[in-house]
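What follows is the residue order along each chain.
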Amino acid sequence: MNFRAVGTIYHFEMARAWRTLLQSLVSPVISTSLYFVVFGAAIGSRIQEVEGVSYGAFIVPGLIMLMLLTQSVSNASFGIFFPKFTGTIYEVLSAPVSYVEIVLGYVGAAATKSLILGAIILVTASFFVPLRIDHPAWMLLFLVLTALTFSLLGFIIGIWAEGFEKLQLVPLLIITPLTFLGGSFYSIDMLPPAWQTVTLLNPVVYLVSGFRWSFYGISDVSLGASLLMILVFLSLSLALVAWIFKTGYNIKP
Amino acid sequence: MNHDITANATLDEAATADVSEATDSVIAVQGLSKRYASGFEALKGVDLEIRHGEIFALLGPNGAGKTTLISIICGLVNASAGRVLVDGHDIVDDYRAARRQIGLVPQELTSDAFATVWNTVSFSRGLFGKRSDPAHIERVLRSLSLWDKRRSKMITLSGGMKRRVLIAKALAHEPQILFLDEPTAGVDVALRRDMWNVVRDLRASGVTVILTTHYIEEAEEMADRIGVINDGDIVLVEEKAALMRQLGRKRLTLHLQTPLAAIPDALSEYPLTLADDGRVLVYTYAASDEHRHRDGINALLNDIQAAGIRFTDLHTEQSSLEEIFVNLVRKDA
């Protein structure tokens, strides 16, 4: 294992985040605050408590998940797309590093960034609403697994994308809608029965539900189902990454 | 014709291989082929041995397969068939050991726009798993006149400076083999001079250098051996000096006192041509036949005297590698 190479890629990527501190950290914080102002204060005041939790507090886990998913995907996809786009990827490919090491470096850095972001949003949220975390260890587990899984997905998108349009396509057309329809801002009990069934096909529902359970002990689906779902995702992403490197898809003709 | 040249080259290679030791090769390319997904066949069963510590120039027109060959050896492109050993290590099965030896300066000017020179060069060293060594990085940067620019962001550098940084990146991990893919394309005189100094120093310290170029003067000035690749085939591999001797044409030019309307019958057995309205007589012969033709020149000059032709000046010249190369590639086409 070339740990020095993993560390080198990791630090280089993290340095990129510090250079772009404004985009990386400040803008998600601002947009989260906006969500709280609009959904929490303006609309939330007219919505009754959800299963004993005030609406403002209820949406915190969903919001963090929303940011975690979108930021993991965009961080990781950009992290690998950029060297591919500028051509500097040649150096990583010609170095004595294995595919596992390349993924560890890039995905590790992207996941770290979204975890830092998640923590910042959590702190920001505590200024707006009273927060309670019943199961901190579970919360951390869901955070880490989700950040990892969606950073891997971002990595895949970054390799698949041949241009900036494609890079934006998946987050815009798939990730964001799935998150908004994944119960970030509501409990799926609030939907008509038919839609409740449809919603169960949305993988994000399981992530948000499990994550919310770690805060307030309330969930739309069982904890086991949530955990299983994220592990299935993780395995799928890992398999896809393995396939990419095995075939050299889009990076090594 | 192609066949003759290849056969000659192989014979000569065998002859020189006997002299040097068989274990001397640092890179062994065996039956290497590459067919891209588009169906384009970039390499057609290439065999090539690079010797330890030499400067090897790979010449060839655009699209001949130079970059594909280098890319496969360095791990950027998968081979379709054949194999490559770097210092005895297979580039696929034992890629770590193989790649650790290699530094690559790519043809394209690629850079991390917002990273500083120092960071991007240090990044390269770390990527190759080497312990950080600021003193080494400093030496490399100074040798390439980059020390003053170490805190500059890549985006602020000129094209020539970026090229220097790419070379510094390739040298950051102290490679034993350096690939320079078209290193002097669009590069000014100062950088070219710096670069050749670096290459000479590297060679003196035992580093093997492989460069691709279509600037022939570059190969002529620097290389120990020259390989010519055309249309995915290695057409010839030869010591530079031997190549010049074997394939170079020599020309004896005589400036005549009085112009000739035609070559006199007495001289008809010589391959002579008239130029410049009959004021110049040109005699062309192969440089490799020099010994045989020395008598020829003697005889020719005697016969010219006998024919009553007076000349005011004479000189001989040898064709450059460029002419040799153009001839080779043209014959091939």
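Calculation criteria
- Residues numbered from 1 in each chain as written.
- Chains lettered and ligands numbered in written order.
- Predicted model: local features only at pLDDT ≥ 70, side-chain atom pairs only at ≥ 80, totals over all residues.
- Heavy atoms only, no water.
- Core = buried A, V, L, I, M, F, W, Y, C linked by side-chain atoms within 4.5 Å.
- Buried < 20%, exposed > 50% of the residue type's maximum accessible area, 1.4 Å probe, protein only.
- Helix = DSSP H or I, 4+ residues; strand = E, 2+ residues; numbered from the N terminus.
- Contact = heavy atoms within 4.5 Å.
- Buried area = accessible area lost by both parts, 1.4 Å probe.
- Salt bridge = Lys/Arg side-chain N within 4 Å of Asp/Glu carboxyl O.
- Polar contact = N/O pair within 3.5 Å; in protein donor to acceptor, adjacent residues only side chain to side chain.
- Nonpolar A, V, L, I, M, F, W, Y, C, P; charged D, E, K, R; others polar.
- Pairing = 2+ DSSP bridges.
- UniProt positions renumbered as here; feature names shortened; annotations may be inferred.
- Phe/Tyr/Trp six-rings, centres within 6.5 Å; stacked < 30°, edge-to-face > 60°.
- Axes fitted to C-alpha atoms, helices over the stretch in contact; angles between N-to-C directions.
- Left-handed = near helix turned anticlockwise from the far one by under 90°.
- Patch = residues over 30% accessible without salt bridge, like charges linked within 9 Å, V, L, I, M, F, W, Y side chains within 5 Å.
- Areas by Shrake-Rupley, 256 points an atom, 1.4 Å probe, with all protein chains shown as cover.

1. Notes on the nonpolar core
Item 1. Core analysis: the biggest nonpolar cluster contains 152 residues, and Phe155 of chain A together with Ile27 and Phe179 of chain B have the highest contact counts within it.
Item 2. For this core, the element with the most residues is helix 3 (residues 55-86) of chain A, which contributes 14 residues.
Item 3. The contacts of Phe155 of chain A, once residues within four sequence positions are left out, are Ala76, Ser77, Ile80, Ile102, Val103, Tyr106, Val107, Val241 and Phe245 of chain A.
Item 4. With 14 residues, the next largest nonpolar core counts Leu256, Tyr270, Leu272 and Tyr283 of chain B among its residues.

2. Description of the interface of chain B and chain A
Item 1. The interface is formed by 29 residues belonging to chain B together with 26 residues belonging to chain A.
Item 2. Surface buried jointly by chain B and chain A totals about 2600 Å² across both partners, of which 59% is contributed by carbon and sulfur atoms.
Item 3. It is Arg96, Phe123 and Leu127 of chain B that lose the most area in chain B upon contact with chain A, and together they represent 25% of the buried surface on that side.
Item 4. Taken together, chain B and chain A are joined by two salt bridges.
Item 5. Counting every contact that joins chain B to chain A gives twelve residue pairs in polar contact (both at pLDDT 80 or more).
Item 6. Its residues placed into classes, the side of chain B that touches chain A shows 13 nonpolar, eight polar and eight charged.

3. Points about the pattern of salt bridges
Residues and elements named next belong to chain B.
Item 1. Counted by the stated rule, this structure contains 19 salt bridges over all chains.
Item 2. One salt bridge in this structure joins Lys66 and Glu182, with 3.7 Å as the shortest N-O distance. Within this pair, whereas Lys66 is found in helix 2 (residues 66-74), its partner Glu182 is found in the loop between strand 7 (177-181) and helix 7 (189-204), the two being separated by 116 residues in sequence. Of the two residues, Lys66 and Glu182, both sit in the buried class.
Item 3. Glu174 is the partner of Arg125 in a salt bridge, and the nearest nitrogen-oxygen pair spans 2.7 Å.

4. Structural notes on the side chain of Ser71 of chain B
Residue and element names in this part refer to chain B.
Item 1. Structurally, the position occupied by Ser71 is in helix 2.
Item 2. There is a polar contact of 2.7 Å between the side chain of Ser71 and the backbone oxygen of Thr67.
Item 3. Excluding its chain neighbours within four sequence positions, the residues that come into contact with Ser71 are Leu76 and Val77.

5. A look at the sheet that holds strand 1 (residues 25-35) of chain B
Residue and element names in this part refer to chain B.
Item 1. Ordered in space as 2-1-4-5, the four strands form an open sheet in which the pairing is antiparallel. On the outer flanks of this sheet lie strand 2 (41-51) and strand 5 (89-90), each paired with one strand and no other.
Item 2. As paired strands, strand 1 and strand 4 (residues 81-86) are joined by five bridges and run antiparallel to one another. Bridging across to strand 4, Gln30 finds its partner in Arg83.

6. Focus: the UniProt feature "domain: ABC transmembrane type-2" (unreviewed entry) in chain A
Item 1. UniProt tags residues 19-248 of chain A as "domain: ABC transmembrane type-2" (unreviewed entry).
Item 2. Annotation note: span residues 19-248 of chain A, helix share 78%, strand share 0%, distance between end C-alpha atoms 31 Å.

7. Looking at the packing of aromatic side chains
All names here are of chain A.
Item 1. Taken as a whole, this structure holds 21 aromatic pairs over all chains when the rule is applied.
Item 2. Each ring, one from Phe150 and one from Phe233, has its centre 6.0 Å from the other, and the planes form 85°; the classification is edge-to-face. In this pair, Phe150 sits in helix 6 (residues 136-160) while Phe233 sits in helix 10 (residues 223-247), placing the two residues 83 residues apart along the sequence. In this structure, Phe150 and Phe233 share a single accessibility class: buried.
Item 3. Their ring planes at 40° and their centres at 5.3 Å tell us that Trp243 and Tyr249 sit as a pair that is tilted.

8. Some thoughts on the sheet that holds strand 12 (residues 272-275) of chain B
Residue and element names in this part refer to chain B.
Item 1. The strand order 12-13-11-14 describes an open sheet built from four strands, whose pairing is antiparallel. Because the sheet does not close on itself, it has two edges, and the strands there are strand 12 and strand 14 (311-318). Adjacent strand axes in the sheet meet at a mean angle of 20°, parallel and antiparallel pairs treated alike.
Item 2. Relative to strand 13 (residues 280-286), strand 11 (residues 249-256) runs antiparallel, the two sharing seven bridges. Across the sheet, the residue bridging to Thr253 is Val282, located in strand 13.

9. What about the packing of helix 4 (residues 117-127) of chain B against helix 6 (residues 159-171) of chain B?
Residue and element names in this part refer to chain B.
Item 1. At a minimum axis separation of 7 Å, helix 4 and helix 6 run at an interaxial angle of 35°. You can see that helix 4 and helix 6 cross each other, and the crossing is right-handed. Contact residues: helix 4 offers Val117, Thr120, Val121, Phe123 and Ser124, while helix 6 offers Val165, Ala168 and Lys169.
Item 2. Looking at the contact of helix 4 with helix 6, its residues break down into five nonpolar, two polar and one charged.

10. Points about the UniProt feature "transmembrane region" (unreviewed entry) in chain A
Item 1. Summarizing the sequence annotation, UniProt attributes the feature "transmembrane region" (unreviewed entry) to residues 21-43, 55-82, 140-161, 167-188, 200-218 and 224-245 of chain A in the numbering used throughout.
Item 2. Structurally, residues 140-161 of chain A is divided into 95% helix and 0% strand, and its ends, taken at the C-alpha atoms, are 31 Å apart.

11. Thoughts on a nonpolar patch on the surface
Residues and elements named next belong to chain A.
Item 1. Taken together, the side chains of Val37, Val38, Ile43, Ile47, Val123, Phe127 and Phe128 define a hydrophobic patch exposed on the protein surface, amounting to about 640 Å² of accessible area.
Item 2. Those elements that provide at least two residues to the nonpolar patch are helix 2 (21-43) and helix 5 (99-128).
Item 3. Along the chain, Phe128 falls in helix 5.
Item 4. You can call Phe128 partly exposed: its relative accessible area is 41%.

12. Comments concerning the side chain of Ser184 of chain A
All names here are of chain A.
Item 1. Tracing the sequence through the fold places Ser184 in the loop between helix 7 (164-180) and helix 8 (193-199).
Item 2. Residue Ser184 is classed as buried on the basis of its relative accessible area, which comes to 0%.
Item 3. From its side chain, Ser184 meets the backbone oxygen of Thr179 in a polar contact 3.0 Å long.
Item 4. In contact with Ser184, not counting residues within four places along its chain, are Ile59, Gly62, Thr179, Val208 and Arg212.

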